[in-house]
Amino acid sequence: MFKNYFKIAWRNIKSNSLYSSINIGGLSLGIAASLLVATVVINELSYDKHWSKSDRIVRINQEEPETGSKRASTPLPLAPTLADNFDQVESFSNIESINSTFLFNQDKIEVSTLEVNPGIWNILDLEIKDGEPQNFQPGYPNLVITQTIKNRYFPDKNPVGEIVENVSNFGDNEKFIITGIIEDLPVNSHLRAEALVINKSITANFSSNGFMPYGVQYLLLKNGVSSIAFTQKINQWYADNVAE
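Note that the structure is predicted; figures quoted are calculated from it, not measured.

Rules behind the numbers
Residues numbered from 1 in each chain as written. Predicted model: local features only at pLDDT ≥ 70, side-chain atom pairs only at ≥ 80, totals over all residues. Heavy atoms only, no water. Core = buried A, V, L, I, M, F, W, Y, C linked by side-chain atoms within 4.5 Å. Buried < 20%, exposed > 50% of the residue type's maximum accessible area, 1.4 Å probe, protein only. Helix = DSSP H or I, 4+ residues; strand = E, 2+ residues; numbered from the N terminus. Contact = heavy atoms within 4.5 Å. Patch = residues over 30% accessible without salt bridge, like charges linked within 9 Å, V, L, I, M, F, W, Y side chains within 5 Å. Areas by Shrake-Rupley, 256 points an atom, 1.4 Å probe, with all protein chains shown as cover. Salt bridge = Lys/Arg side-chain N within 4 Å of Asp/Glu carboxyl O. Pairing = 2+ DSSP bridges. Phe/Tyr/Trp six-rings, centres within 6.5 Å; stacked < 30°, edge-to-face > 60°.

Draft legend 1. View of the nonpolar core. Counting 21 residues, the largest nonpolar core has L114, W121, L124 and L196 as its most contacted members. Those elements that provide at least two residues to this core are β7 (107-116), α4 (120-123), β12 (195-198) and β13 (214-221). Those residues within four positions of L124 in sequence are excluded, and the remaining contacts are W51, I57 and L191. Membership of the second largest hydrophobic core comes to 14 residues, among which are F102, L143, I149 and F154.

Below, the structure is given as C-alpha cells:
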C-alpha cells in the first residue's frame, strides 16, 4: 500500500516539477528556520542554568524611588552587612566584569577578568585544575587563571605561585599572585572571563550617604529561602534602618 503512495507522489512531483520544487523548497526553508530559532531559544534559556545552585543565587539591585529604574550597582558594604544581619544568606560576593592588562613573561596581555570575593567558591561551581585558589593568600590580590590562559601563555611550566603585574595607566603597576588554575568558564553564562581577581570583601560600614564604593553583588540564599519573601524583608529592613 505504501509503495503505491510513493509511486503516486513521485508521478505528481514529476508532472508538476516547478510547483513541487517551490513547495518542497519552501517546506525545507521553513523547517530549517524553525530549527535555527529553536536552537537559539534553547541556548538562551540554558544561560546560567548549569550552576548547581542557580535557583539560590540572586543579584542585589537598587531601585530609584523617583523614576522606578533599577540598577545592578550597589554599595559594596551592603552584601556583607546583609550576611551579618540575615540568617537566610549563606554566602556573598561582588562579581565585576573588567578587562585588565597583565605582564605574562614580559608580554602585555589583555585578559577579561571577574573581580570577586572569596565567597565566589561557595556560589559558583568552579572546577579547580591546579593549586588551592579557594584559600585566599594575603599579601597580594589573588589571580586565578583559566586552563586556556595557562596553555596559551605558560605552556611549559606551572605558573601557580608566580608574581605577575597588572599594567596600570595611572601610577605604578600592581602585583598579583597566581594562586590557581580553573577550568574554562561555560560560554552560556553572562559571567564570562579568562581569569578571576580575588580580593577580600569591603569591610567599611554601610551608610546611606552614598560615599561608598559601588559594585555588582550576588547573594547565595540558604536552601528553602524564598527570594521573593527575602526581598520584601530586606526592603523593609532598608527602609527602617538605612533610608532617609
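From this point, things continue past the structure.
Draft legend 2. Inspection of a nonpolar patch on the surface at higher detail. Taken together, L27, I31 and L35 make up a surface patch of nonpolar side chains, about 310 Å² in accessible area. According to the relative accessible area criterion, L35 is exposed, its value standing at 55%.

Draft legend 3. Representation of the pairing of strand β6 (residues 96-104). Relative to β7, β6 is paired through nine bridges, and the arrangement is antiparallel. Its bridge partner being in β7, F104 is matched across the sheet by D107. From the end of β6 to the start of β7, which pair antiparallel, there are two residues, and N105 there has a positive phi angle of about 55°.

Draft legend 4. Broad picture of the pattern of salt bridges. Within this structure, the stated rule accounts for five salt bridges. For the salt bridge of K129 with E127, the shortest nitrogen-to-oxygen distance reads 3.6 Å. Here E194 and R152 are joined by a salt bridge, their closest N and O atoms 3.9 Å apart. Of this pair, E194 sits in the loop between β11 (174-182) and β12 while R152 sits in helix α5 (residues 147-153), placing them 42 residues apart in sequence. Owing to a relative accessible area of 24%, E194 belongs among the partly exposed residues under this scheme. Linked by salt bridges that have partners in common, E127, K129 and E183 make up one network.

Draft legend 5. Broad picture of the environment of N188. The topology assignment puts N188 in the loop between β11 and β12. Each C-alpha atom, one on N188 and one on Y47, is 4.8 Å from the other, the two residues being 141 residues apart in sequence. If we ignore the near neighbours within four places in the chain, the residues touching N188 are N43, S46, Y47, D48 and H50.

Draft legend 6. Spatial organisation of the pairing of β11. In terms of burial, β11 is a largely internal element, seven of the nine residues being buried. Note: strand β8 (residues 128-131) against β11, three bridges, orientation antiparallel. Opposite I128, over in β11, you have I182 as the bridge partner. By the bridge criterion, four bridges tie strand β10 (residues 163-166) to β11 in an arrangement that is antiparallel. Across the sheet, residue V164 finds its bridge partner in β11, namely F176.

Draft legend 7. Region of the structure containing the packing of aromatic side chains. Scanning all chains against the criterion turns up six aromatic pairs. For the pair F104 and Y153, a centre-to-centre distance of 5.8 Å together with 45° between the ring planes defines the contact as tilted. With a gap of 49 residues between them, F104 in strand β6 and Y153 in helix α5 connect regions that are remote in the sequence. Put simply, the rings of F102, F104, Y153, F154 and F176 touch in pairs and so form one group of aromatic residues.

Draft legend 8. Geometry of the side chain of T179. Tracing the chain through its elements places T179 in strand β11. Those residues in contact with T179 that lie beyond four places of it in its chain are G131, E132, P133, Q137, N142, L143, V144 and V160.

Draft legend 9. Summary view of the environment of Y140. Inspection of the secondary structure puts Y140 in the loop between β8 and β9 (142-146). Taking the C-alpha atoms as reference, Y140 lies 8.6 Å from N199; in sequence the two are 59 residues apart.

Draft legend 10. Structural detail: the side chain of N166. With respect to the helices and strands, the residue N166 is situated in strand β10. A relative accessible area of 15% places N166 in the buried class.

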